[in-house]
Amino acid sequence: MEQAAGCPAVGGSYPQKNAEILSSQYGINLFLAGLLLTFAWAVHAVGISKSHLLSYLITLMLIQLLWMLWYLCRSCTQRRLIRDKDTHAGARWLKCGITLFAVITLILDSFKIGYYIDFSNCLSPTEGIFPVTHAVHTILQVYFLWCHAKDVIQSFKTLERFGVIHSVFTNLLLWTNGVLTESKHQLNEHKERLITLGFGNITIVLDDHAPQCNCTTTTFCSLFSQGIYYLYPFNIEYHILASTMLYVLWKNIGRKVEHHQQNKTAFKFHGITIGMISGLIVLTSTIAIVVVYLIQIGGSKIKSELALTMFYLHAICVLALMCTAGIIALLIYRLEDRSLDNSKNPARKLDAELLVGTAAGSWLLSWGSILAIICAQSHPKYTWYNLPYSVLVIIEKYIQNLFIIESIHREQEKVNDNIKTLRIVTISRGSTLSLTPLYKEVYNGRAARDNGDVPCLFKGSICGRENDGAGVAREETSRDNSLVMHSASDFSLYSRNSVTNNKRRILKNIAAFLFLCNLSLWIPPAFGCRPEYDNGLEEIVFGFEPWIIVVNLAMPFSIFYRMHSAASLFEVNCKT
């Protein structure tokens, strides 16, 4: 008892640590159960249907809805209380991004409702309940994240840990469900493309779980069934972003926040014209390449080979430019002497871990392609372009990760007071305070003479206005001597400031260019332009089913990496 009383802080930390461990284990088991249900439905396990999976997901969403409503009601009753906030979490641009994805997700839900109505004769009622529940869940969750993503919860901590971690893994399961559904659609198109490239001997029959009845309105059925798969990439990004924001909220529960002023950063177009124009050129050309690729691939063997060659050449050029830009940025950092911010920051730590973790998906696919090219007995001409493409993917992500992680850990440069525009406080004849013109005008000897005023404050020295002429003369002599003494250091500071501004301008242009490039490289795999599926060489070397499993596991992480990198680079541009 004495030991417990003597160490209240240590004793009090054990229940919270246990709550963190218990809640994390609860979330993992929740996720694994849903993952096995998803897998069982995908492989047609006996006694497991899609309605079982959807019922499980609906139950999880309803529990999360109840928790969010309870949290929002409790927050309204305690509105007057001052709460700790994590200024690094839930940035405004991140909230805007998740809102955009959520709006498109609501459109996807409306398409699913329309699809269910058209095939209601042979679909389970859960397939109609699921999109309605998901739409309500999306609206409330976005509102919750807008209002409370920055919260540092200090009350009901044990209960809140379970509620937040439940929300994290619910979104991860919804993300998994979206990835699986979208992958099945891509796989069915992949079979047809391999046949046109002459790899028909390795294709197998796959089931896409299509409904076993006729549509009531043929026109709308085609619109809904095709439109759903074009909207899935946005739904996938929405859920993974929501899970990361909720995870940061979970990590912040019970955390002691250091109260210091956070510099607000805003995105500005000024000074990044070159980076924006270059990035927009890459973005425009990428969209054109994707359109041509999707039209040509699968048309005939020649068209498919040309589409693959075109994709590889374009990607090689873009990746080479990104590598060059990243190396220049890292060289600029090596020339600067600025300390790193090593303070505890869950959001920043998660960003760095996600960059490296999700990059592993692309690295896995790239090494698989490299081994396939080395080990294959025959090489169609277009497959040779896959070698430099795969090597550049590995190198580019390595360089970009270094640049982003160092950028988000660098302390923001503080403006030196000696570099700021110097203004001199004077006392006029009427004993009122005024500000004289700029420092350079004082240098030219115009400031005091034009107004007939005498400086009272200069470099921390205070002087009074003398009534006799000798005092004025001594004061002017002292001022002139002080100006001369500071002239050399002033021009040195101005020179260093000019060099620093040039470096910042280059870094901002690089960040803007890489931001648009990552958006560009997110588009092809997200909308079905996936040469890892289509070139056929990897399937010959590794076998059709093993390689398809590898691609289906790694591709979602590769797609998320590009969107997460774009978000991180946007933040880097704002902070630079």
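Please refer to the structure higher up on the page.
Residues numbered from 1 in each chain as written. Predicted model: local features only at pLDDT ≥ 70, side-chain atom pairs only at ≥ 80, totals over all residues. Heavy atoms only, no water.

### Looking at the overall build of the chain
Stated precisely, the cut-off is as follows: Note on conventions: DSSP H or I runs of at least 4 residues are helices, E runs of at least 2 residues are strands, and numbering of each starts at the N terminus. Only protein chains enter the accessibility calculation, which uses a 1.4 Å probe; a residue is then buried when its area is under 20% of its type maximum, exposed when over 50%, and partly exposed in between. We call two residues in contact whenever any of their non-hydrogen atoms come within 4.5 Å of each other. Accessible surface area values rest on a Shrake-Rupley calculation with a 1.4 Å probe, where residue burial reflects the displayed protein chains alone.
In terms of helices and strands, the chain carries 17 helices and 5 strands. Taking all 576 residues of the chain together, 48% fall into the buried category. A fraction of 84% describes how many contacts in the chain between residues 6 or more apart in sequence connect residues 24 or more apart. For the chain, the computed accessible surface area is about 29,300 Å², with 64% contributed by carbon and sulfur atoms.

### Quick notes on the packing of aromatic side chains
The cut-off we apply is this: The criterion for an aromatic pair is that two Phe, Tyr or Trp rings (for Trp, the six-membered ring) have centres within 6.5 Å, with stacked assigned to planes under 30 degrees apart, edge-to-face to planes over 60 apart and tilted to the rest.
Considering all chains together, one arrives at 19 aromatic pairs under this definition. Arranged with centres 5.7 Å apart and planes meeting at 40°, the rings of Trp67 and Tyr71 form a pair that is tilted. With Trp67 and Tyr71 both in helix H3 (residues 50-77) and 4 residues apart, this pair spans about one turn of that helix. Across the pair, Tyr71 and Trp67 agree in class, each one buried. Judged by centre distance (5.8 Å) and plane angle (35°), the rings of Tyr247 and Trp250 are tilted.

### Remarks on empty space enclosed by the protein
Going by this rule: Each cavity reported here is a set of points on a 1 Å grid over the protein atoms alone in which a 1.4 Å probe fits but cannot get out, each pocket an open set with protein on both sides within 12 Å along at least five of seven lines, and each lining residue one with an atom within 4 Å of a point. Grid points are joined across faces, edges and corners, and a volume is the space filled by probe spheres set on the points. Each residue is assigned to one class: nonpolar for Ala, Val, Leu, Ile, Met, Phe, Trp, Tyr, Cys and Pro, charged for Asp, Glu, Lys and Arg, and polar for all the others, Gly among them. Each domain span listed reflects an automatic or database assignment of domains.
Summed over the entire model, instances satisfying the criterion amount to 4 cavities of 30 Å³ or more. Its boundaries defined by the atoms lining it, the largest cavity holds a volume of some 300 Å³. Lining of the largest cavity is provided by 22 residues; of these, Tyr389, Val393, Pro525, Glu532 and Ser558 occupy positions nearest its centre. Among the elements that make up the lining of the largest cavity, the one with the highest residue count is helix H11 (residues 386-409) (5 residues). Split into classes, the residues belonging to the lining of the largest cavity amount to 13 nonpolar, 6 polar and 3 charged. Considering only enclosed or pocket space, the second largest cavity measures out at about 100 Å³ in volume. Around the second largest cavity, the lining residues are Val179, Glu182, Ser183, Pro233, Ile236, Pro525, Ala526, Arg530, Met555, Pro556 and Ile559. Breaking the lining of the second largest cavity down by element, the ones donating at least two residues are helix H6 (157-196), helix H7 (218-251), helix H14 (469-526) and helix H17 (544-575). Residue classes in the lining of the second largest cavity are distributed as 8 nonpolar, 1 polar and 2 charged. For the lining of the second largest cavity, the domains that each give at least three residues are domain 1 (15-256) and domain 2 (268-411 + 498-575).

### Brief notes about helix H10 (residues 346-375)
Short version of the rule: Helix span, expected: 1.5 Å multiplied by one less than the number of residues in the helix. Across the chain, bend at a residue is computed as the angle between axes fitted to the seven residues ending at that point and the seven starting from it.
The terminal C-alpha atoms of H10 lie 43 Å apart, and with 30 residues this matches the ideal 44 Å at 1.5 Å per residue to within 8%. By the largest-angle criterion, Gly361 marks the main kink of H10, which is about 25°.

### Focus: the packing of helix H9 (residues 301-335) against H11
Cut-off, in case you're wondering: Orientation is described by lines fitted to C-alpha atoms, with helices fitted over the stretch in contact, and by angles between N-to-C directions that extend from 0 to 180 degrees. By definition in this entry, angles of less than 35 degrees are roughly parallel, angles greater than 145 are roughly antiparallel, angles of 65 to 115 are roughly perpendicular, and the rest are oblique. Take the far helix as the reference: if the near one is turned anticlockwise from it by less than a right angle, the crossing is left-handed, and if turned clockwise, right-handed.
Orientation of H9 relative to H11, taken along the N-to-C sense of each, is 30°, at an axis distance of 8 Å. Taken together, the axis directions place H9 and H11 in an arrangement best described as roughly parallel. Crossing angle aside, the handedness with which H9 passes H11 is left-handed. A breakdown of the residues in the contact of H9 with H11 according to their chemical character gives 20 nonpolar, 4 polar and 3 charged.

### Thoughts on the pattern of salt bridges
The cut-off we apply is this: Salt bridges are identified by distance alone: a Lys or Arg side-chain nitrogen within 4 Å of an Asp or Glu carboxyl oxygen.
Per the counting criterion, the structure on display carries 5 salt bridges. Glu20 serves as the salt-bridge partner of Lys251, at 3.8 Å between the closest nitrogen and oxygen. Within this pair, whereas Lys251 is found in helix H7, its partner Glu20 is found in helix H2 (residues 8-42), the two being separated by 231 residues in sequence.

### Side note on the side chain of His564
Note the threshold: In the analysis that follows, any N or O atom pair within 3.5 Å is treated as a polar contact, provided that within protein one partner can donate a hydrogen and the other can accept it, and provided that, for residues neighboring in sequence, both atoms belong to side chains.
As for its placement among the helices and strands, His564 is situated in helix H17. A distance of 3.3 Å separates a polar atom in the side chain of His564 from the backbone oxygen of Asp351. Among all residues touching His564, those that are not within four sequence positions of it are Asp351, Leu354 and Leu355.

### Remarks on the nonpolar core
Put simply, the rule is: The criterion is simple. A nonpolar core is a set of buried Ala, Val, Leu, Ile, Met, Phe, Trp, Tyr and Cys residues joined through side-chain atoms within 4.5 Å.
Of all hydrophobic cores here, the largest spans 120 residues; its most connected members are Phe144, Met322, Tyr389, Phe403 and Leu514. The element that contributes the greatest number of residues to this core is H7, accounting for 16 residues. Taken together, domain 1 (15-256) and domain 2 (268-411 + 498-575) each give at least three residues to this core, which thus spans both. Discounting chain neighbours no more than four positions away, the residues touching Phe403 are Ala329, Leu330, Tyr333, Leu507, Ile510, Leu514, Leu569 and Val572.

### Some points on a nonpolar patch on the surface
As a reminder of what qualifies: For patch building, the residue pool is restricted to those with more than 30% relative accessible area and no salt bridge; the joining distance is 9 Å between like charges and 5 Å between nonpolar side chains (Val, Leu, Ile, Met, Phe, Trp, Tyr).
The grouping of Leu371, Ile374, Ile540, Val541 and Phe542 at the surface amounts to a nonpolar patch, some 430 Å² of accessible area in total. Those elements giving two or more residues to the nonpolar patch turn out to be H10 and helix H16 (537-542). Considering the arrangement of structural elements, one finds Val541 in helix H16.

### With respect to the side chain of Ser407
In this structure, Ser407 sits in helix H11. For Ser407, the side chain forms a polar contact with the side chain of Tyr333, separated by 2.7 Å. Within the local environment of Ser407, its side chain forms a polar contact with the backbone oxygen of Phe403, the two atoms lying 2.6 Å apart. Among all residues touching Ser407, those that are not within four sequence positions of it are Tyr333, Val572 and Lys575.

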